[in-house]
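Here's the letter readout for the chains.
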Amino acid sequence: MTATTSLDADLAHVLHPLHHPSATTHARIWVEGRGALIKDSTGQTFIDGLAGLWNVNVGHGRTELADAARDQMATLAYCSSYAGSTNYPAMALAEELSRIAYRSINAFFLTSGGAEATESSIKTARFYWKAMGKPDKTKVISRQRAYHGLTLAAMSATGLPAFWPMFEPRVPGFSHIPAPDPYRYVPATPGASLGIAAADELEAAILREGPDTVAAFIAEPVQGAGGVIIPPADYFPRIRQICDEHGVLLIADDVITGFGRTGTWFGLEHWGVEPDIMQFAKGITSGYVPLGGIGVSDAIREVMNSVPPAKRWMHAFTYSGHPTCCAVALRNLRILREERLVQRAAEMGDRLKAGLSSLAGLDGVGHVRSLGLIGAVEVVADKATKALHPPEAQMAQRLTDGLMARGLYTRVALDCICIAPPLVIAEAELDRLIDIVGETVTSVVRDARGA
């Protein structure tokens, strides 16, 4: 690895996520990060408006995490965690997770990332119902605009159709209900609150599929890649009630919302709801090394422990409980605690909310929303009808280019400018981020109207 390596090597040898060579010709090479800032190979510095990929919660350049990895590698870089073997970092991490996770969740399985966590959640839900004598409960319901990863079952749960066509057929037994989008969802039931009406879509889907066939409902507390959809306050309490009434497990996908992003340790805490299974990744190590996992309720753990050995939970990954990754995660959680970054996300979240609210009146801004340090600005062609710009306007690319030109690196999804900076972002940096978003929307919308 050298600074003289050219993009020719990238084009010739690297297959990227969402790969196509047209995106590589002028790819940006990132070389350094400090706090909430990242630098490219030309020396330009940008505010990291998406914390890497929703994951660098404690910020870039934390030598404490590098030291934790080095020290563990020098002692025991890897060992198997298959039944009958364990290691100290994995045990310590599971114990620490039991302290900060939802109260009813105290047992954890560790993976290499979020998609593996989704697969583990789905398989665990099926295992649970088989162990309970209900083998027909295999179906999974998720939501439109959901993102749960791109392995085959995870992709089938993901509710973003752009990811499907070149890999279909999808895994059978997956269906999607509308997202609880306060801006775009229209309740089918007159008089019902938006949150209750959107939650009742789940009950209708369970009844349509047959309660004896549905294993689980999987949901992000805040939908990230689908445009940062923050549900109404009455949505998840009603979801929990529906799941209980129909014998459906509730899986909380906290891959983005975990470890402080929304101003609480995990997303469903905002609404006082406990899931049956939680899944996590990203912020558990702030992206410094790959790690994810699931946590199961005490009731599910009891069932897992009570089956005969011949019917055990036959699920495994080579890198589950990887000691180096667990050591980094432990140090990362210590930083989150000692620097009060979860509380800071809530406090800085107030600043973000106020800043985004100041943009709501701009021409072309249809909706702004945020919770803690995750938010979005949705850009529309017509405020009255909420209509998006036509595809040929290439609004997402125009917005992306405009943000980058002003020094902000982030993602535009479905014409929503997504915002999720490192939790260590300084007040001045956050204020500048908001200013850049406003300047970019104003300029791009004006130019689009004049085209």
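That block above? That's the structure.
Chains are numbered independently. Their residues run from 1 in the order of the written sequence. Totals for whole chains, interfaces and linings use all residues, but because this is a predicted model, local features are given only for residues with pLDDT of at least 70 and pairs of side-chain atoms are given and counted only at 80 or more. Remark: hydrogens and water are excluded; side-chain values derive from all non-hydrogen atoms of the structure.

Trainee: With reference to specific residues and values, describe the overall build of the protein.
Mentor: Helix and strand content of the protein: 13 helices and 15 strands. Relative to the globule expectation of 22 Å for 451 residues, the C-alpha radius of gyration of the protein, 22 Å, shows essentially globular dimensions. Taken along its principal axes, the extent of the C-alpha atoms in the protein is 70 × 65 × 45 Å. To sort residues, take the accessible area from a 1.4 Å probe on protein chains only and compare it with the maximum for the residue type: under 20% means buried, over 50% means exposed, and anything in between is partly exposed. When each of the 451 residues of the protein is scored for burial, the buried share is 52%. By sequence separation, contacts in the protein at least 24 residues apart represent 71% of the contacts at least 6 residues apart. Using a 1.4 Å probe, the Shrake-Rupley method yields the accessible areas, and only the shown protein chains count as cover for residues. Total accessible area on the protein stands at roughly 19600 Å², and carbon and sulfur atoms take up 56% of it. Here the protein holds 41 positive side-chain charges and 47 negative ones, and the gap between their average locations is 1 Å. Where helices and strands are cited, they refer to DSSP runs of H or I of at least four residues and of E of at least two residues respectively, numbered from the N terminus. Throughout, the radius of gyration refers to the C-alpha atoms, and the reference size of a globule is 2.2 Å times the residue count to the power 0.38. Any two residues having at least one pair of non-hydrogen atoms within 4.5 Å are treated as being in contact. In this charge count, Lys and Arg are treated as positive and Asp and Glu as negative; neither His nor the chain ends contribute. By convention, the point assigned to a charge is CZ for Arg, NZ for Lys, CD for Glu and CG for Asp.

Trainee: Explain the sheet that holds strand β15 (residues 416–419) to me, using residue names and the numbers behind them.
Mentor: A strand pair is defined by DSSP finding two or more bridges across the two strands. A sheet is described by the order of its strands in space; here four strands give the open sequence β11-β12-β15-β14, paired in antiparallel fashion. Each having just a single partner strand, β11 (365–371) and β14 (412–413) make up the two edges of the open sheet. As paired elements, β14 and β15 share two bridges and run antiparallel to each other. Residue valine 412 lies in a different strand from β15, and its bridge partner there is isoleucine 417. Against the sheet, helix α11 (residues 341–357) engages β11, β12 (374–379) and β15, with an angle of about 175 degrees to β11. Interaxial angle, 0 to 180 degrees, is taken between N-to-C directions of lines fitted to C-alpha atoms, where a helix line uses only the stretch in contact.

Trainee: Pulling in residues and values, what's your account of the sheet that holds strand β5 (residues 139–143)?
Mentor: Within the open sheet, the seven strands sit side by side as β4-β10-β9-β8-β7-β5-β6. Their pairing is mixed. Here the strands that pair on one side only, and so sit at the sheet edges, are β4 (105–111) and β6 (174–177). Across the sheet, the mean angle from the axis of one strand to that of its neighbour is 25 degrees, orientation sign disregarded. Bridge count for strand β9 (residues 277–280) against strand β10 (residues 292–297) is four bridges, and the pairing is antiparallel. Along β10, the bridge assignment pairs phenylalanine 280 with glycine 293. Packed on one face of the sheet, helix α8 (residues 235–246) meets β5, β7 (214–219) and β8 (249–253) and runs near 170 degrees to β7.

Trainee: Could you give an account of the nonpolar core, with specific residues and numbers?
Mentor: Grouped together as the largest cluster of nonpolar side chains are 95 residues, with contacts concentrated most on Leu97, Phe217, Phe259 and Val437. The biggest single contributor to this core is helix α13 (residues 427–450), with nine residues. Excluding residues within four positions of it along the chain, phenylalanine 259 makes contact with Asn57, Leu97, Ile100, Trp265, Phe266, Phe280, Ala281, Gly283, Ile284, Leu333, Leu336 and Leu423. Each nonpolar core is a collection of buried residues, namely Ala, Val, Leu, Ile, Met, Phe, Trp, Tyr and Cys, held together in the definition by side-chain atoms within 4.5 Å.

Trainee: Account for the side chain of glutamate 119, naming residues and giving values.
Mentor: Locating glutamate 119 in the fold gives a position in helix α5 (residues 114–131). When a carboxyl oxygen of Asp or Glu is within 4 Å of a side-chain nitrogen of Lys or Arg, the pair counts as a salt bridge. In this structure glutamate 119 is buried but unpaired, with lysine 123 as the nearest side chain of opposite charge at 7.2 Å. What qualifies as a polar contact is a pair of N or O atoms within 3.5 Å, subject to a donor-acceptor requirement within protein and to the restriction that residues adjacent in sequence count only when both atoms come from side chains. A polar side-chain atom of glutamate 119 sits 2.6 Å from a polar atom in the side chain of threonine 151.

Trainee: Give a detailed account of the environment of histidine 322, specifying residues and quantitative values.
Mentor: In this structure, histidine 322 sits in the loop between α9 (298–306) and α10 (323–338). For histidine 322, the contacting residues outside a window of four places in its chain are Ala77 and Tyr78.

Trainee: Give a detailed account of helix α3 (residues 63–76), specifying residues and quantitative values.
Mentor: Taking 1.5 Å of rise per residue, the 14 residues of α3 would be expected to cover 20 Å, and the 20 Å separating its terminal C-alpha atoms lies within 8% of that figure. Along α3, the residues that are buried comprise Leu65, Ala68, Ala69 and Gln72. End-on view of α3: buried residues confined to an arc of 95 degrees, all on one side of the axis. Across from the buried face of α3, at angles greater than 90 degrees, the exposed residues are Thr63 and Ala74. Of the surrounding secondary structure, the elements contacted by the buried residues of α3 are α4 (88–100) and α10. A helix is expected to span 1.5 Å multiplied by its residue count minus one. The reported arc concerns the directions from the helix axis to the C-beta atoms and nothing else.

Trainee: Before we move on, can you summarise the pattern of salt bridges with the specific residues and values?
Mentor: Summed over all chains, the structure comprises 27 salt bridges. A salt bridge links glutamate 96 to arginine 99; its shortest N-O distance comes to 2.7 Å. Placement of both glutamate 96 and arginine 99 in helix α4 is noted, with a separation of three residues, approximately one turn of the helix. By relative accessible area, glutamate 96 is classed as buried at 10%. Under the relative-accessibility criterion, arginine 99 is labelled exposed at 56%. Linked by salt bridges that have partners in common, Glu95, Glu96, Arg99 and Arg337 make up one network.

Trainee: Any chance you could break down the environment of leucine 359 for me, citing the residues and the numbers?
Mentor: Among the secondary structure elements, leucine 359 is positioned in the loop between α11 and β11. A relative accessible area of 8% means that leucine 359 is categorised as buried. For the pair formed by leucine 359 and methionine 278, sequence separation is 81 residues and the distance between their alpha carbons is 34 Å. Setting aside anything within four residues of it in sequence, one finds leucine 359 in contact with Val365, Val377, Ile434, Val437 and Gly438.

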